[in-house]
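Survey of secondary and tertiary structure
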Amino acid sequence: MAKQELLTLPELLAEIRMSRAAFYRLRARGQAPAMKKLANGQLRISRTALDAWWDNQQDAA
């Protein structure tokens with residue numbers, strides 16, 4: 001089984017071209033992609049979850 005790619009929050013923000021504040025507002029509304037919180041408190045998102053979120057955003061537009 002291949003290891004799933006996990007992106008850091010700065011990598012995610014650069015890819016979706018969004019500020020950290022805007023992303024956290026989106027997350028507070030429950031509209032952000034699903035994130036995983038590591039034991040050290042850092043957030044990660046899987047490439048699969050990000051791709052699914054992108055597809056959902058395009059369908060909604």
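Everything below is about the structure printed above this text.
As a starting point, this report considers the structure included with it. (Residues numbered from 1 in each chain as written. Predicted model: local features only at pLDDT ≥ 70, side-chain atom pairs only at ≥ 80, totals over all residues. Heavy atoms only, no water.)

**Let's talk about the pattern of salt bridges**
Within the structure shown, the criterion is met by three salt bridges. With its nearest N and O atoms 3.9 Å apart, the salt bridge here joins R47 to D51. Here the residue R47 and the residue D51 both occupy positions in helix α3 (residues 47-60), the gap between them amounting to four residues, near one helical turn. Each of E5, E15, R47 and D51 takes part in one network of salt bridges that share partners. (Salt bridge = Lys/Arg side-chain N within 4 Å of Asp/Glu carboxyl O. Helix = DSSP H or I, 4+ residues; strand = E, 2+ residues; numbered from the N terminus.)

**Here's the deal with the nonpolar core**
Core analysis: the largest hydrophobic core is formed by 13 residues, its most contacted members being L9, L12, I16, F23, M35, I45 and L50. Put simply, the parts of the chain that give this core at least two residues each are α1 (9-16), α2 (20-28), β3 (43-46) and α3. A per-element tally of this core places α1 first, with four residues. Sequence-distant contacts of L9, that is, excluding residues within four places in its chain, are made with R20, F23, Y24, M35 and L43. (Core = buried A, V, L, I, M, F, W, Y, C linked by side-chain atoms within 4.5 Å. Buried < 20%, exposed > 50% of the residue type's maximum accessible area, 1.4 Å probe, protein only. Contact = heavy atoms within 4.5 Å.)

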